[in-house]
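Listed below, chain by chain, are the residues.
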Amino acid sequence: MKASAPIATSPIWPEAPAEPLSGLARSQHKSPGETAAGRSAVTERAGKARAPKRGQPDREPGLKRANFGRGAGLPTLLLLPQVLILVFFFFIPSLRALTQSVLLSDPFGTTVHFVWFDNFKALFASGEYRQSLVTTAWFTVAQNVITLAIAVVLAFATDRVVRARSVYRTLILLPYAIAPAIAGILWAFLFNPVVGPLAHMLHALGISWDPNRNPNDALWLVIMAASWKHICYDYIFLVVGLLAVPVSLMEAAAVDGAGPIRRFFLIALPMLGPTIFFLAVMNFIYGFFETFAIIDAVTHGGPAGATNILVYKVFVDGFINLDLGSSAAQSVLLMTFALICTLLQFRYFDHKVNYGV
């Protein structure tokens, strides 16, 4: 009996013979990436891919990696301007305010006494400060609601415009380029009880409008001026959010018979929940800190302190009355109130926002 020759095995598939195949068999046993002309171009390119250098992470061919050098010099240099701005305009003033809030000094700073928390106790015992706190709460809430409501309406209306949509958006965004002080002066002129055209219209309707004497009129005037100035900011985010709403959902609702208003309130508006939540937080911060110029240009905190919100009271007590300790304590409390309001919004409203699509 003739002994059979040993069969060589393949290094990849040990159980398969490594004997050369015939032409027909070779054509039937091609690899998935191989063609009749031999190895495919994809296999050749993959074989020519450059191997990663020693000490560098492997990555797919064709991907680019940002390279700032091996040292930390260039990243530090790029971050240095922002770090310097934070240090000189945020951290140092904050530490100075914390230090000054527990001190009692004369207007010229020649005599300084450490008084612990007496400045804070005097503030909470002051009826004027409590009234300013209530005024700030009403002002911030009203400004937030009015700004968001009008911005939502404008975003919906602009989304329905077919022709010259960019022109409408440009006109709505124009107030954002106006300085807050200029916006305040503009609204003070329009509602001036003597020469203001809008004030004359209110008088013709039988409304006794006089923000120089009526505290309620003055408060509503600064609320409207602050809201008008900030509507553009909310409008930008809402318009971009509407562009992200899937068109298929809106078309499916239209096929089912839902009108434009119903589609907006039942589909688009719930999907804008994260954007609206973000804008609500930013509007509170705007009302607390960025309305000083409007108050100063329109009412100067009057009449009778009706528009003397916390951020303006910090300025009056610190730079006019020269009560540095009380002004610093008020700034610390203002930052604390803003932080508490932000945390409360995240605590009670964030879980009601739907982040899914």
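Our subject is the structure that appears above.
Residues numbered from 1 in each chain as written. Predicted model: local features only at pLDDT ≥ 70, side-chain atom pairs only at ≥ 80, totals over all residues. Heavy atoms only, no water.

S.K.: Would you take a moment to explain the overall build of the protein for this structure?
M.R.: Each helix and strand in the protein was counted, giving 15 helices and four strands. A burial count over the protein gives 32% of its 357 residues as buried. Summarising the internal contacts of the protein: among those between residues at least 6 apart in sequence, 63% fall at separations of at least 24. Counting only carbon and sulfur atoms, one obtains 68% of the accessible surface of the protein, whose full area is about 23,500 Å². (Helix = DSSP H or I, 4+ residues; strand = E, 2+ residues; numbered from the N terminus. Buried < 20%, exposed > 50% of the residue type's maximum accessible area, 1.4 Å probe, protein only. Contact = heavy atoms within 4.5 Å. Areas by Shrake-Rupley, 256 points an atom, 1.4 Å probe, with all protein chains shown as cover.)

S.K.: In this structure, what is going on with the packing of helix H4 (residues 118-125) against helix H15 (residues 324-348)? I would like to understand it.
M.R.: Where H4 contacts H15, the two axes come as close as 9 Å, and the packing angle between them is 75°. Relative to H15, the element H4 lies roughly perpendicular. The residues of H15 that touch H4, namely those facing Asn119, Phe120, Leu123 and Phe124, are Gly325, Ser326, Ala329, Gln330, Val332 and Leu333. Classifying every residue of the contact of H4 with H15 gives six nonpolar, four polar and no charged. (Axes fitted to C-alpha atoms, helices over the stretch in contact; angles between N-to-C directions. Parallel < 35°, antiparallel > 145°, perpendicular 65-115°, else oblique. Nonpolar A, V, L, I, M, F, W, Y, C, P; charged D, E, K, R; others polar.)

S.K.: Before we go on, may I ask you to explain the layout of surface pockets in this structure?
M.R.: Think of a ball as big as a water molecule: rolled over the atoms, this probe shows where empty space is left. Of the volumes computed, that of the largest pocket is approximately 670 Å³. Forming the boundary of the largest pocket are 21 residues, of which Pro93, Ser94, Ala97, Ser331 and Val332 lie nearest the centre. Breaking the lining of the largest pocket down by element, the ones donating at least two residues are helix H3 (73-100), helix H14 (310-320) and H15. Among the elements that line the lining of the largest pocket, the one with the most residues is H3, at eight residues. Taken together, the residues that form the lining of the largest pocket break down as 15 nonpolar, five polar and one charged. (1 Å grid on protein atoms, 1.4 Å probe; cavity = no way out; pocket = protein on both sides within 12 Å on 5 of 7 lines; lining within 4 Å. Points joined across faces, edges and corners; volume = space filled by probe spheres on them.)

S.K.: What exactly am I supposed to notice about a nonpolar patch on the surface here?
M.R.: Together, Leu74, Leu77, Leu78, Leu80, Leu84, Ile85, Phe88, Phe89 and Ile92 make up an exposed nonpolar region whose accessible area comes to about 910 Å². Mapping Leu84 onto the fold places it in helix H3. (Patch = residues over 30% accessible without salt bridge, like charges linked within 9 Å, V, L, I, M, F, W, Y side chains within 5 Å. Salt bridge = Lys/Arg side-chain N within 4 Å of Asp/Glu carboxyl O.)

S.K.: Just checking my understanding: could you explain empty space enclosed by the protein for this structure?
M.R.: For the structure on display, the rule yields one cavity of 30 Å³ or more. Put simply, the largest cavity is a space of about 30 Å³. In this structure, the largest cavity is lined by Ala155, Thr158, Asp159, Arg169, Val239, Leu242 and Leu243. The set of elements that each furnish at least two residues to the lining of the largest cavity consists of helix H5 (127-160) and helix H9 (215-243). Here the lining of the largest cavity is built from residues that sort into four nonpolar, one polar and two charged.

S.K.: Got a minute to help me understand the pattern of salt bridges in this structure?
M.R.: In a structure, side chains of opposite charge can pair up when their charged atoms sit close to one another. Counted under the stated rule, the structure contains two salt bridges. Measuring nitrogen to oxygen at the nearest pair gives 3.8 Å for the salt bridge that ties Arg213 to Asp210. Arg213 gets classed as exposed once you look at its relative accessible area, which sits at 71%. The partner of Asp317 in a salt bridge is Lys313, with the nearest N and O atoms 2.7 Å apart. Residue Asp317 and its partner Lys313 are both found in helix H14; the two are separated by four residues, about one turn of the helix. With respect to burial, Asp317 and Lys313 carry one shared label: buried.

S.K.: Explain the packing of H3 against H15 to me, please; I cannot follow it from the model alone.
M.R.: In helix packing, the relevant descriptors are the interaxial angle and the interaxial distance, both defined with respect to the helix axes. Following both chains from N to C, one finds H3 and H15 inclined at 120°, their axes separated by 8 Å at the closest point. The angle between H3 and H15 places the two elements in the oblique class. Crossing handedness for the pair H3 and H15: left-handed. Counting all contacts with H3, which are made through Ala97, Leu98 and Gln100, the residues of H15 involved are Leu324, Gly325, Ala328, Ser331 and Val332. Across the contact of H3 with H15, the residue classes tally to five nonpolar, three polar and no charged. (Left-handed = near helix turned anticlockwise from the far one by under 90°.)

S.K.: I tried to follow helix H12 (residues 273-289) on my own but got confused; where do I start?
M.R.: Structurally, the α-helix is built with 3.6 residues per turn, so residues lying three or four positions apart point the same way. Compared with an ideal rise of 1.5 Å per residue, which puts 17 residues at 24 Å, H12 spans 25 Å between its outermost C-alpha atoms and is within 8% of the ideal. For H12, the full list of buried residues reads Gly273, Thr275, Phe277, Leu279, Ala280, Val281, Asn283, Phe284, Tyr286, Gly287 and Phe288. Buried residues along H12 sit against H5, H9, helix H11 (260-271), helix H13 (292-298), H14 and H15. (Expected span 1.5 Å × (residues − 1).)

S.K.: Can you help me understand the side chain of Ser327 in this one?
M.R.: Topologically, Ser327 is positioned in helix H15. By relative accessible area, Ser327 is classed as buried at 9%. Not counting the four nearest positions on each side in its chain, Ser327 is found in contact with Val314, Asp317 and Gly318.

S.K.: For this particular structure, what's the right way to read the packing of aromatic side chains?
M.R.: The description of two aromatic rings rests on the distance between their centres and on the angle between their planes. Under the definition given, this model contains 19 aromatic pairs. Seen from their ring centres, Phe117 and Phe120 are 6.2 Å apart, and the 55° between their planes marks the pair as tilted. Given the relative accessible area of 14%, Phe120 is considered buried. Centre to centre, the rings of Tyr312 and Phe315 are 5.8 Å apart; their planes meet at 50°, and the pair counts as tilted. Here the residue Tyr312 and the residue Phe315 both occupy positions in helix H14, the gap between them amounting to three residues, near one helical turn. Following the ring pairs from residue to residue traces out a cluster consisting of Phe114, Trp116, Phe117 and Phe120. (Phe/Tyr/Trp six-rings, centres within 6.5 Å; stacked < 30°, edge-to-face > 60°.)

Taken by themselves, the reported measurements are silent on function.
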